[in-house]
Amino acid sequence: MAVGRNWQRNGVPGAARVKLLFTGTGTSGSWACRGEQIGRALGATVKPEATLADIRAAELTVCVKRCPSWRLDALRASGRPWVLDVLDFYPQPQAGEWDRATAISWARKQLQALAPAGVIWPNARMRDDVGFDGPSMVIYHHHRPGIRLNPIRKNVRVVGYEGAPAYIEGWRPAIAAECDKRGWSFVLNPAHLADVD
């Protein structure tokens, strides 16, 4: 990216001196690991629901996850370049039912309609499958500060799901039934991922 091949700041040798803004809804896990963690690591301004004035004050804005029409209008009105971080940007839960071709097609149409200056991908496979005719980079999904090491156990005892319960609502009875058949426990949003197999 012209202004951001190296977005590091705060005196790091060779760093781009960019007034960088990260914005998004400020409520999702995607926001926590991208807006907060990555944004702060880069010395960016990190502001959920940034205004047009905030966007104009930045040289480059990174929009995390989704870009609702009012935010897209502000990004376009600012006259500044902006980047879309597509981490978890698929519509949920319906995208969980899509096949690969449908997911790729949907993502391509979204990028064409939104027309960001660049894209941040959560993995190289998505970048390669979807493609983007412009600057892009991969920043792998995320880092979990303080996460406990998950020991590899010989036998499964606990199956866990971390996320919004609504996303597995239709699957929850089947998951619980399969776990019951095997004598396993099913845990929704465990306190520690290391507690599940």
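Residues numbered from 1 in each chain as written. Predicted model: local features only at pLDDT ≥ 70, side-chain atom pairs only at ≥ 80, totals over all residues. Heavy atoms only, no water.

Caption draft 1: Structural detail: the pattern of salt bridges. Summed over the entire model, instances satisfying the criterion amount to 9 salt bridges. Its salt-bridge partner being glutamate 49, residue arginine 71 comes within 2.7 Å of it at the nearest N-O pair. Here arginine 71, found in helix α3 (residues 69-78), pairs with glutamate 49, found in the loop between β2 (45-46) and α2 (52-57); they are 22 residues apart in sequence, far enough to count as distant. For the salt bridge of arginine 100 with aspartate 129, the shortest nitrogen-to-oxygen distance reads 3.0 Å. Note that arginine 100 is positioned in helix α4 (residues 100-114) and aspartate 129 in helix α5 (residues 124-130), a separation of 29 residues in sequence. With relative accessibility at 17%, the residue aspartate 129 sits in the buried group. Among the charged side chains, a network of salt bridges with common partners joins Arg100, Arg125 and Asp129. (Salt bridge = Lys/Arg side-chain N within 4 Å of Asp/Glu carboxyl O. Helix = DSSP H or I, 4+ residues; strand = E, 2+ residues; numbered from the N terminus. Buried < 20%, exposed > 50% of the residue type's maximum accessible area, 1.4 Å probe, protein only.)

Caption draft 2: View of the packing of aromatic side chains. Scanning the model with the defined rule gives 5 aromatic pairs in all. Judged by centre distance (6.1 Å) and plane angle (80°), the rings of tyrosine 90 and tryptophan 98 are edge-to-face. Here tryptophan 98 falls in the partly exposed class, since its relative accessible area comes to 26%. Summarising the aromatic geometry, the rings of tryptophan 98 and tryptophan 106 are spaced 5.8 Å apart at their centres and angled 50° between planes, so their arrangement reads as tilted. Each member of the aromatic cluster is reached from another via a ring pair, and the members are Phe89, Tyr90, Trp98 and Trp106. It is arginine 182 that lies over the ring of tryptophan 184; its NZ or CZ is 5.5 Å from the centre. (Phe/Tyr/Trp six-rings, centres within 6.5 Å; stacked < 30°, edge-to-face > 60°. Lys NZ or Arg CZ within 6 Å of the ring centre and 35° of its normal.)

Honestly, it's all geometry; don't read function into it.
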